[in-house]
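An overview of the molecular structure
So you can see what is in the structure, the chains are spelled out below.
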Amino acid sequence: METALVLSTIARALAFSTPLLWAALGEIVAERSGVVNLGVEGMMILGALTGFIVAQSSGDPWLGLVAAAATGAAAALLHAFFAVILRANQYVSGLALTIFGLGLSGLIGRGWVGRPLRNAMEYVSLPFLVDIPVVGPVLFDHQYALTWWGLIVAVALWFVLQHTRIGLIVRTVGENPAAADAAGVPVLRVRIAAVVFGGVMAGIAGGFLSLAYRPSWGQGMTNGLGWIALAMAIFALWDPLRAIFAALLFGAFFTLSFSLQDRFPPQLLTMMPYLFTILALTLTSLRKGDRSFGAPEALGEPYARGER
Amino acid sequence: MIGRYKLERRGHVGPALVWGVSLAAVIVAMLLTGALFALFGVAPLAAFATLVDRTILDARGLSEVVRRAIPLMLAGVGLTLAFKARFWNIGAEGQLLIGAVAASGVALFSGLSGPLLAPAMFAAGFAAGALWGLGPALLKVRLGVNEIITTLMLNYVAIYLVRWLINGPWKGSSLSGFAYSDRFDPAAQLPTIGTTRLHWPTLTLAILAAILVAWLLARTRFGFEVRMMGESPEAARYAGVDFFRTTLALVLVSAGAAGLAGVGEVAGIHHRLVDPGSLSVGYGYTAIIVALLARKNPLGALVTALFLGWIAASGDVMQVALRLPSQITGVTQGLVLLCIIGSEPFLRYRLTRVPAAAGPTGLAPGGEAARGGETS
């Protein structure tokens, strides 16, 4: 009885954590290269919209997902242009992208509101795992493919960042761009690529919402998830493996607040994840004594050769 | 060097240049908005004509522009102070809502009446907004927690707090489709000019707040410390600026001003606590643009608030007359913000022509000679 409740909570937490994980992984890569992108929410909502429009028109949700990823990339390119090339304030540029994205999705999506997607993404059932008694049917039968892919991508990203040359380059650009530059690394191009990668991931996160999780389009349907993903990148200490843990934790929290709905006013429970984010950030900063802690040294600072 | 031109760092940047470049940025943003509207099926010229007709050329419309600008002025002026010190307060939205909650609490439950009630509401709103900003300020100066995320998360907390109040403990006794609190006593309702919704006491307060913050920044030791913290934190630390005290003080003023904006909305417009969606329409976020477009100048924020108030009022017109979702004002707002930061290199650098004979170092650096070529 109790195990069933725990398992179903985990199952729903997994689904809920999926968009958070994808978006947070993208932000981790961008921030590891030294660029903060506060535009996650904007990239997500634009991805959700184009994903929905393409999937609705073509009947293929996976084509929609490709469109969502491409839209996220295009939006991120805008941020890269201002924050990396023009060396504008990264915070303001990202914030502008979020405001702009929410507005533009309202303009473009006005004719698409309230219609359910005719061909939504379907659950996948993981072979073999689903046959495990008790656990299998609850955990491995009713999840979306993107949930499992998110976990795989997280592990892959951890490996790339920590154990490959590309990862080393990205990290160096974020820690010490001048040294990277002196070693012949094209700092700006690496940063642009990292930001665009973050856009692809945020676009996929948005696409997951409109193509699988809530297969429909609604104005502002991301509802602050992009901002929570940003906080998760910090909470996970810019580590993709820790991001999995963070995403599950946040997902479990959201899920628990829904299941307590009849005992508590729903508005107070909806408030909890946001308060929890603040608590999580506070705990993160308390761990500063820990050697493993550390934001990328050059995070938030534009780079120009010969300037400090 | 590009051909016979080269980029040169500017020396002194005068206010005329700053305003010229800002104006150019706004015009570019408006043109881009028009292009996007055209691209997605809204005729921009016709829409623009309708907007001008119903906002600026119409007395009632014009009053709506100003009344939309009032909360933007208060919150925006507060943000100029925070941004000067590089405290990235993204939480004016929540601070505004909490100010509205406190004012409503006083109006509904304090038992006060008569001429004391409105001042008490403003005082409570200021205090509540300031307290809402205090948490992120303390976390930032004591533990180094990123204030962008914490102030933003508290916006969502404030939204759900208001929703809980109007659906639960403060739920109004008269029932209709929407949740809201009981209506305020007439003493808690601010006077307006004629039949408009211009609640002039709040407008006066906003102008006074701008003057006060400008005076603080220009003439007091506190203002000097705020500017130093923003321009050169290292030097500020060396000069013995108390970061803890100064940050706390500036956030209290900044967040308190946003709280006042919330008081104005409930006491001057709605006369009850209503849903956050109708209470604020994103004033707290728009105020960020107000402060940045004014280049963090509190008096300038009064002017830029009017501009963004016009965009907000335009959103209402578009919703009613053109049947467009009001969110699309975000297109213009986002583009304005991008164009402002995109225009900053024009303030830092200028393009000078290299005289063919004199060679690349012919002009004195930072001199006044080549000024004007790209102004406005």
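Position numbers for residues count from 1 along each chain, tracking the sequence in the order it is written. Chains and ligands are labelled sequentially in the order written, the chains with letters from A and the ligands with numbers from 1. Two thresholds apply to this predicted model, a pLDDT of at least 70 for residue-level local features and 80 or more for giving and counting side-chain atom pairs, whereas whole-chain, interface and lining totals are computed over all residues.

Strands here mean DSSP runs of E at least two residues long; helices mean DSSP runs of H or I at least four residues long; both are numbered from the N terminus. Summing up its helical and strand segments, chain A has twelve helices and two strands in all. Listing each helix as α and each strand as β along chain A from the N terminus yields α-α-α-α-β-α-β-α-α-α-α-α-α-α. Radius of gyration here is computed from C-alpha atoms only, and the compact-globule reference equals 2.2 Å multiplied by the residue count raised to the power 0.38. For 308 residues, the compact-globule estimate of 2.2 N^0.38 gives 19 Å, and chain A sits close to it at 19 Å. If one aligns the C-alpha atoms of chain A with their principal axes, the spans along those axes are about 65 × 50 × 40 Å. Sorting the 308 residues of chain A into buried and exposed places 52% on the buried side. The exposure scheme places C-beta atoms from the backbone and then counts, for each residue, the other C-beta atoms within 10 Å of its own, assigning buried at 20 or more, exposed at 12 or fewer, and partly exposed in between.

Attention now moves to the overall build of chain B. When helices and strands are counted, chain B shows 14 helices and two strands. The globule rule puts the C-alpha radius of gyration for 376 residues at 21 Å, and the 23 Å found for chain B is close to it. Counting every position in chain B, which comprises 376 residues, the buried fraction comes to 52%. Sequence separation of 24 or more characterises 77% of the internal contacts of chain B that already satisfy a separation of 6 or more. Note on contacts: residues are paired as contacts if their backbone-placed C-beta atoms lie within 7 Å.

Taken together, the contact between chain B and chain A spans 40 residues of the former and 40 residues of the latter. Those elements that place two or more of their residues in the side of chain B that touches chain A are α5 (117–143), α6 (147–167), α12 (283–293) and α14 (329–348) of chain B. Under this grouping Gly is polar, as are all residues other than the nonpolar Ala, Val, Leu, Ile, Met, Phe, Trp, Tyr, Cys and Pro and the charged Asp, Glu, Lys and Arg. Its residues assigned to classes, the side of chain B that touches chain A comprises 27 nonpolar, eleven polar and two charged.

The next thing to look at is the domain arrangement of chain B. Residue and element names in this part refer to chain B. Start and end positions for the domains come from either an automated domain assignment or a database one. Split by domain assignment, chain B resolves into domain 1 (1–42 + 326–376) and domain 2 (63–323). Once you take the C-alpha centre of each, domain 1 and domain 2 turn out to be 31 Å apart. Taken together, the contacts link ten residues of domain 1 with twelve residues of domain 2. Secondary structure elements with two or more residues in the side of domain 1 that touches domain 2: α1 (15–39) and α14.

This paragraph deals with the environment of G251 of chain A. Here G251 of chain A shows up in helix α11 (residues 240–259). Given 23 C-beta atoms within 10 Å, G251 of chain A falls into the buried group.

Moving on, we come to the nonpolar core. Each nonpolar core reported here comprises buried Ala, Val, Leu, Ile, Met, Phe, Trp, Tyr and Cys residues connected via C-beta atoms within 7 Å. Formed by 226 residues in total, the largest nonpolar core has its most connected members in A24 and M232 of chain A. Among the elements that take part in this core, helix α9 (residues 187–213) of chain A stands out by supplying 17 residues, more than any other. If you count residues domain by domain, this core takes at least three from each of domain 1 (1–42 + 326–376) and domain 2 (63–323) of chain B. Contact partners of M232 of chain A, with chain neighbours within four places excluded, come to L20, A24, A243, A246, A247 and F250 of chain A.

On to the confidence of the model for chain B. Per-residue confidence from the predictor is reported as pLDDT, which spans 0 to 100. Looking at chain B as a whole, its pLDDT mean stands at 88, while 93% of the residues score no less than 70. For this predicted complex, the interface confidence comes out at an ipTM of 0.87, alongside a pTM of 0.87.

With that settled, consider the packing of α1 of chain B against α14 of chain B. Residues and elements named next belong to chain B. An axis is simply a line fitted to the C-alpha atoms; with a helix, the fit covers only the stretch in contact. Between two such axes, the angle follows the N-to-C directions and lies from 0 to 180 degrees. Running from amino to carboxyl end, α1 crosses α14 at an angle of 140°, the nearest separation of the two axes being 8 Å. As far as their axial angle goes, α14 and α1 are oblique. Of the two possible hands of crossing, α1 and α14 adopt the one that is right-handed. Across from L17, V18, V21, S22, A24, A25, V26, V28, A29, L32, T33 and L36 in α1, the residues of α14 making contact are V331, T332, L335, V336, C339, I340, S343, F346 and L347. Partitioning the contact of α1 with α14 into residue classes produces 17 nonpolar, four polar and no charged. When an angle is under 35 degrees it counts as roughly parallel; over 145 it counts as roughly antiparallel; between 65 and 115 it counts as roughly perpendicular; any other value is oblique. Two helices that cross are described as forming a left-handed crossing if the nearer one is turned anticlockwise from the farther one by less than a right angle, and a right-handed crossing if clockwise.

All right, on to helix α3 (residues 59–84) of chain B then. Given 3.6 residues per turn, any residue in an α-helix points the same way as the ones three and four places further on. All names here are of chain B. For α3, spanning 26 residues, the distance from its first C-alpha to its last is 36 Å, which sits close to the expected 38 Å at 1.5 Å a residue. Each residue is assigned a bend, namely the angle between axes fitted to the seven residues that terminate at it and the seven residues that start at it. The axis of α3 is deflected most strongly, by about 30°, at A69, and proline P71 appears within four residues downstream. The buried count for α3 comes to 21 of 26 residues, which makes it a mostly enclosed element. Downstream of α3 by one or two residues, R86 has phi in the positive range, about 60°. Take the residue count of a helix, subtract one, and multiply by 1.5 Å to get its expected span.

Remember that side chains alternate between the two faces of the sheet whenever the strand is regular. Residue and element names in this part refer to chain B. By the alternation rule, side chains of strand β2 (residues 349–353) split into R350 and T352, which are all buried, and Y349, L351 and R353, of which none is buried. What makes two strands pair is DSSP finding at least two bridges between them. Of the strand pairs in this sheet, strand β1 (residues 5–9) and β2 are connected by five bridges, and their pairing is antiparallel. Within β2, the residue paired with Y5 across the bridge is R353.

Between its first and last C-alpha atoms helix α7 (residues 200–219) of chain B spans 28 Å; for 20 residues at 1.5 Å apiece the expected length is 28 Å, and the two agree. When we look at burial in α7 of chain B, the residues that qualify are T202, L203, L205, A206, A209, A210, V213, A214 and L217 of chain B.

Bringing unusual backbone geometry into the picture now. If a residue is not glycine, its phi is most likely negative; likewise, a peptide bond is most likely trans. All names here are of chain A. For R87, which is not glycine, the phi dihedral falls at a positive 60°. Its location among the elements puts R87 in the loop between α3 (61–85) and α4 (90–108). Overall, the presence of 18 C-beta atoms within 10 Å leaves R87 in the partly exposed class. Unusually for a residue other than glycine, N223 sits at a positive phi of about 50°. Positionally, N223 belongs in the loop between α9 and α10 (225–235).

With that out of the way, let us pick up the environment of G103 of chain A. Turning to its location among the elements, G103 of chain A is positioned in helix α4. The sequence separation of G103 of chain A and E27 of chain A amounts to 76 residues, and the corresponding C-alpha distance is 22 Å. For G103 of chain A, the contacting residues outside a window of four places in its chain are Q327, I328, T329, G330, V331, Q333 and G334 of chain B.

All right, on to the environment of T80 of chain B then. Residues and elements named next belong to chain B. Mapped onto the elements of the fold, T80 is located in helix α3. The buried category is assigned to T80, around which 27 C-beta atoms lie within 10 Å. For the pair T80 and A291, spaced 211 residues apart in the sequence, the C-alpha separation amounts to 5.1 Å. Excluding its chain neighbours within four sequence positions, the residues that come into contact with T80 are V213, A291, A294, K296, N297, P298 and A301.

Right, let's talk about the packing of helix α7 (residues 165–175) of chain A against α9 of chain A for a bit. Residue and element names in this part refer to chain A. Contact geometry of α7 with α9 gives a least axis separation of 10 Å together with a crossing angle of 105°. Classified by the interaxial angle, the pair formed by α7 and α9 is roughly perpendicular. Each of I169, V170 and V173 in α7 lies in contact with α9, whose residues at this interface are V187, V190, R191 and A194. Partitioning the contact of α7 with α9 into residue classes produces six nonpolar, no polar and one charged.

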